[in-house]
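Results of the structural survey
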Amino acid sequence: MGSLIVDTPVAIGRISDHGAQVLQWQPSGAEPVIWLSSHAVFARDVAIRGGVPICFPWFGAGRSGAMSPAHGFARLVTWPCTATTEQDGTVTVVHVLTQEQAVDPQFPYCYRMTSTASFGDELTLTLLVENTDATPFSFEVALHTYLAVGDASSVSIVGLEGAEYHDKLLDRHVVQAGPVIFDGEVDRVYSSTSDVILRDPALARSVTIAKSGSASTIVWNPWVDKSRAMADFGDEEWRDMVCVETGNVGDRAITLHPGEVHEMKVIVSVSSHRPPS
Ligand code: TA6
């Protein structure tokens, strides 16, 4: 399970061939922006807790609610790394996955996924899905981004005001009023193409999650009880992270005809509110 370390004057980072999963990103002068659990397990067929898991070809248990493993197989397999480049301190890493490395009877199609991760003063993740089969297929996809925060109970997310979301805890559809705040477990799938900003007063910074090719934004914090119930998640780690995920899930799933390609991109950037020293 190889991984590549990025360490330049612009940023440090880390990406694993397991799931082509970003594990770390910290632009120069900032605190870490991507969160990784101190209890994460690194093993075959196991999802690494934290970073940016790639959920494909379904999200959660899928639209049927019967798919397994959770969030699909892409994050559980080794992706061949096909290129690494560096320019002016920004390092770009490319991984490609096809049905030759990962196939599942629940998704019996030929496909090519290309993940491009650029570690610079921004983190840019681009996911291309190509239908290389002779028949159309539909899929869900998400970049399940774990963001490091100073205190989840004091952060807020702006940019989702007025968006409808499926509250997975209540199993009902709601319209977002005002910023998203965290005073308990939150597990919501928003129908939204908007960029969002996570405001983190404890770290005196804002993190912007800009996106294209994505009609779903998923927001998750497990809070206390669920954190304690997960073996690969520290009992108090709920305070240190918020997931703001970029995807196309549920009724926003994508259908590709033979030869068609879908691109989804997320650009994570951080701005400090600390007065210059
Ligand atoms: O993105 C939110 C979510 O779907 C939650 O329901 C929770 O299950 C989370 O993903 C983590 O899923 P995982 O399979 O990585 O434990």
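Everything that follows concerns the structure shown earlier in this document.
As a starting point, this report considers the structure included with it. (Residues numbered from 1 in each chain as written. Predicted model: local features only at pLDDT ≥ 70, side-chain atom pairs only at ≥ 80, totals over all residues. Heavy atoms only, no water.)

**A word on the site of the ligand**
Around the ligand, the neighbouring residues are Arg 49, Phe 59, Ala 70, His 71, Arg 75, His 144, Lys 168, Asp 187, Ile 218, Trp 220 and Glu 245. Contacts to the ligand include Asp 187, whose side-chain N or O atom sits 2.6 Å from an oxygen atom. Within the side chain of Glu 245, a nitrogen or oxygen atom sits 2.8 Å from an oxygen atom of the ligand. Contact with the protein chains removes 81% of the 390 Å² of surface that the ligand exposes when unbound. A class-by-class count of the residues in the shell around the ligand yields 4 nonpolar, 2 polar and 5 charged. (Near = heavy atom within 4 Å. Polar contact = N/O pair within 3.5 Å; in protein donor to acceptor, adjacent residues only side chain to side chain. Areas by Shrake-Rupley, 256 points an atom, 1.4 Å probe, with all protein chains shown as cover. Nonpolar A, V, L, I, M, F, W, Y, C, P; charged D, E, K, R; others polar.)

**A closer look at the side chain of Ser 37**
Mapped onto the elements, Ser 37 comes out in the loop between strand S3 (21–27) and strand S4 (54–55). Looking at Ser 37, the relative accessible area reads 5%, which means it is buried. Each residue touching Ser 37, except ones within four places of it in the same chain, is listed here: Arg 49, Asp 232, Phe 233, Gly 234 and Glu 237. (Helix = DSSP H or I, 4+ residues; strand = E, 2+ residues; numbered from the N terminus. Buried < 20%, exposed > 50% of the residue type's maximum accessible area, 1.4 Å probe, protein only. Contact = heavy atoms within 4.5 Å.)

**Considering the pairing of S3**
Most of S3 is tucked away: 5 of the 7 residues are buried. With 6 bridges connecting them, strand S2 (residues 11–16) and S3 associate as antiparallel partners. What sits directly across from Arg 14, in S3, is Gln 24. Between S2 and S3, which pair antiparallel and follow one another directly, the connecting turn spans 4 residues, one of which, Gly 19, has a positive phi of 75°. (Pairing = 2+ DSSP bridges.)

**Notes on the side chain of Glu 140**
Mapped onto the elements, Glu 140 comes out in the loop between strand S9 (137–139) and strand S10 (141–143). The side chain of Glu 140 is buried and forms no salt bridge, while Arg 63, the nearest opposite charge, is found at 4.3 Å. Looking at Glu 140, its side chain comes within polar contact range of the main-chain nitrogen of Phe 59, at 3.0 Å. Once residues within four sequence positions are removed from consideration, Glu 140 is found in contact with Cys 55, Phe 56, Pro 57, Trp 58, Phe 59, Gly 62, Arg 63, Asn 248, Val 249, Gly 250 and Ala 253. (Lys, Arg positive; Asp, Glu negative; His and termini not counted. Salt bridge = Lys/Arg side-chain N within 4 Å of Asp/Glu carboxyl O.)

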